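# Geometric and topological summary
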Amino acid sequence: MSQFRLNRAEFLRGLGASAALAVAPGAWASARPARTGAIHTDRADWHLGPFLRSATTPVLKPDPNAVFDDPMHQRPDAWMSAHTFNPASVVRDGKMVVLFRAEDRPDEKMIGFHTSRLGYASSDDGLHFTYRPTPVLYPDKDDQQHAEWDGGCEDPRLCEGPDGTYYVTYTQWNHDRTRLGIASSRDLIHWQKHGSAFAGTAFENLSTKSAAIIQRIDGGRMKAALINGAYWMVFGEGLIHIARSTDLIHWSPVVLPNGEPMVLMAARPSLFDSELPEVGPPPLVTERGIVMLYNGKNSENDAYRDRSIGPGAYSGGQALLDLRDPTKLLARSTVPFIKPELPWEKSGQYQAGTTFLEGLSYFKGRFYLYYGTADTYVGVAVAPAPAWVTRSAAER
């Protein structure tokens, strides 16, 4: 290349705002969560699982033949020709629906410098998918183009609200800074963008990403959980924070007396999340607490990383939040329950490997967990759903 360019990982390390709070190896103690006393364990009766891979090959792959008319550049674009990964999931009308991140321009080799759009795929069995030929959420000529051109819409998480409206949290990326966006839909195809999830607060333009709304099983489906009169959303990469809302659109981070966002989780030396934790799929209310599956990146520094996992690899962990106060972290696993092992989980755009968790749905009596692999494909793992998870409880 004729000039120096940062890749996406390098760029994110330099972000201001929330990234300025990120935990550097060796300095992790200064950024411990505000709430202390969490148990760090690899043996617990509150873990979901075991999750077993139900496919030996990706369930979603790039397709160079899918083309749509790009409103940014006013020309046809092979919008999912390079990568299809980082999926959200929800059950609608008896089908599994996945919104996945798709990237164009396979000749572009720098992570984060494609344009990302969200595609729609549906399945009768959760394993075999048919996708729509055009994206459903993408940078358009609308009031969000300042936040989305021309990096796009990334890394969704889905939630069904109490009236059947669907909400998606996603990362807005304009090749300068990330911002947490939110949109709503009645059919998962036609979306209304609402801009920043933190609009109207001091954090409206906070450089952050990855957010998931806490849910519960209601009527056989996962829906937004009302706890103490509010909805709750975990968010963040590097440090994980928490926010609340009364309408699922307008969110306010929980802050400390000094005005900074409260830290729910931070990196831990010598463990699978020694570089950073990052929000995964929607946390789930159960009889034993709020179970939160999350992503952990292993440090690339041998002095701080988990030596049983490749440097820089993303694995999946579990954490437990208090059932009546989601700002309290009660426990956290010390070993991952899923990690990159299959060839297509360790080869692709991100060659350190990922099993990057974003979609969790209760479907046909089991849990389906959808994850991105190596920033290139989509995989799925399935687990039983015990009664202590699925029993419907009164709104708290």
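Just so you know, these numbers come straight off a predicted model, no measurement behind them. (Residues numbered from 1 in each chain as written. Predicted model: local features only at pLDDT ≥ 70, side-chain atom pairs only at ≥ 80, totals over all residues. Heavy atoms only, no water.)

### Some words on the sheet that holds strand S25 (residues 366–373)
Read across the open sheet, the four strands follow the order S2-S26-S25-S24; overall the sheet is antiparallel. The two strands at the open ends of the sheet, each matched to only one other strand, are strand S2 (52–53) and strand S24 (356–363). Relative to strand S26 (residues 377–384), S2 is paired through two bridges, and the arrangement is antiparallel. Note that in S26 the partner of Arg-53 across the bridge is Ala-381. (Pairing = 2+ DSSP bridges. Helix = DSSP H or I, 4+ residues; strand = E, 2+ residues; numbered from the N terminus.)

### A word on the packing of aromatic side chains
Within the structure shown, the criterion is met by 10 aromatic pairs. Between Trp-79 and Phe-100, the ring centres sit 6.2 Å apart and the planes meet at 25 degrees, which makes this aromatic pair stacked. Residue Trp-79 is located in the loop between strand S4 (75–77) and strand S5 (83–92), and its partner Phe-100 is located in strand S6 (residues 95–103); the two are separated by 21 residues in the primary sequence. For the pair shown, Trp-79 and Phe-100 are each scored as buried. For the ring pair Phe-272 and Tyr-294, a centre distance of 5.9 Å and an interplane angle of 35 degrees mean the geometry is tilted. Here Phe-272, found in the loop between strand S18 (252–253) and strand S19 (276–279), pairs with Tyr-294, found in strand S21 (residues 289–297); they are 22 residues apart in sequence, far enough to count as distant. Per residue, the accessibility class of Phe-272 equals that of Tyr-294, and both read buried. (Phe/Tyr/Trp six-rings, centres within 6.5 Å; stacked < 30°, edge-to-face > 60°. Buried < 20%, exposed > 50% of the residue type's maximum accessible area, 1.4 Å probe, protein only.)

### Thoughts on the confidence of the model for the protein chain
Looking at the protein chain, the pLDDT average stands at 90 and 89% of residues meet or exceed 70. When the elements of the protein chain are averaged for pLDDT, helix H1 (residues 8–13) gives the smallest value, 43, and strand S13 (residues 211–213) the largest, 99. For the stretch residues 1–36, pLDDT sits under 50, and the model shows 74 contacts to residues farther than four places along the chain or on other chains. (pLDDT = per-residue confidence, 0-100. Contact = heavy atoms within 4.5 Å.)

### Some details on the side chain of Asp-104
Tracing the backbone through its elements, the reader meets Asp-104 in the loop between S6 and strand S7 (116–123). Side-chain polar atoms of Asp-104 contact the side chain of Arg-117, separated by 3.2 Å. The residues touching Asp-104, leaving out its near neighbours within four places in the chain, are Asp-77, Ala-78, Trp-79, Ser-81, Ala-82, His-114, Thr-115 and Arg-117. (Polar contact = N/O pair within 3.5 Å; in protein donor to acceptor, adjacent residues only side chain to side chain.)

### Brief notes about the environment of Ser-54
With respect to the helices and strands, Ser-54 occurs in the loop between S2 and strand S3 (68–70). Judged by relative accessible area, Ser-54 falls into the partly exposed class, the value being 33%. A C-alpha to C-alpha distance of 9.6 Å links Ser-54 and Gly-126, two positions 72 residues apart in sequence. Leave out the neighbours within four places in its chain, and Ser-54 touches Leu-127, Val-380, Ala-381 and Val-382.

### A look at the pairing of S5
For S5, a buried count of nine out of 10 residues is recorded, marking the element as mostly surrounded by other parts of the structure. In textbook terms, the turn of a hairpin is the stretch between consecutive antiparallel strands, and for S5 and S6 this stretch comprises two residues, one of which, Asp-93, has a positive phi near 50 degrees.

### Concerning the side chain of Ser-81
Within the fold, Ser-81 resides in the loop between S4 and S5. Looking at Ser-81, its side chain comes within polar contact range of the main-chain oxygen of Ala-78, at 2.8 Å. Not counting residues within four places of it along the chain, the set of residues in contact with Ser-81 comprises Pro-62, Asp-63, Pro-64, Glu-103, Asp-104, Arg-105 and Pro-106.

### Observations regarding the nonpolar core
In terms of nonpolar packing, the biggest core is built from 26 residues, with Ile-214, Val-234, Leu-264, Met-265, Met-292 and Leu-321 touching the most fellow members. Of all the secondary-structure elements, those providing two or more residues to this core are strand S16 (231–235), S21 and strand S22 (314–321). Examining the composition of this core, we find that three residues originate from one element, S21, more than from any other. With 23 residues, the next largest nonpolar core counts Val-291, Leu-293, Trp-344 and Val-389 among its residues. (Core = buried A, V, L, I, M, F, W, Y, C linked by side-chain atoms within 4.5 Å.)

### Observations regarding the sheet that holds S13
Taken together, the four strands give an open sheet; going across it, the order is S13-S16-S17-S18, and neighbouring strands pair in antiparallel fashion. Single-partner strands in this sheet number two, and they are S13 and S18.

### Points about the pattern of salt bridges
Counted by the stated rule, this structure contains 22 salt bridges. Residues Lys-193 and Asp-142 are paired through a salt bridge, measuring 2.9 Å at the closest nitrogen-oxygen approach. Pair noted here: Lys-193 is in strand S12 (residues 192–196) and Asp-142 is in the loop between strand S8 (130–131) and helix H2 (145–148), with a separation of 51 residues, a long-range link. A relative accessible area of 16% places Lys-193 in the buried class. Between Asp-273 and Arg-332 there is a salt bridge; the shortest N-O distance is 2.8 Å. Here the residue Asp-273 occupies a position in the loop between S18 and S19, and Arg-332 occupies one in strand S23 (residues 329–333), the gap between them amounting to 59 residues. Like Arg-332, Asp-273 is buried. Beyond isolated ion pairs, a larger network of salt bridges with shared partners links Asp-70, Asp-77, Asp-104, Arg-105 and Arg-117. (Salt bridge = Lys/Arg side-chain N within 4 Å of Asp/Glu carboxyl O.)

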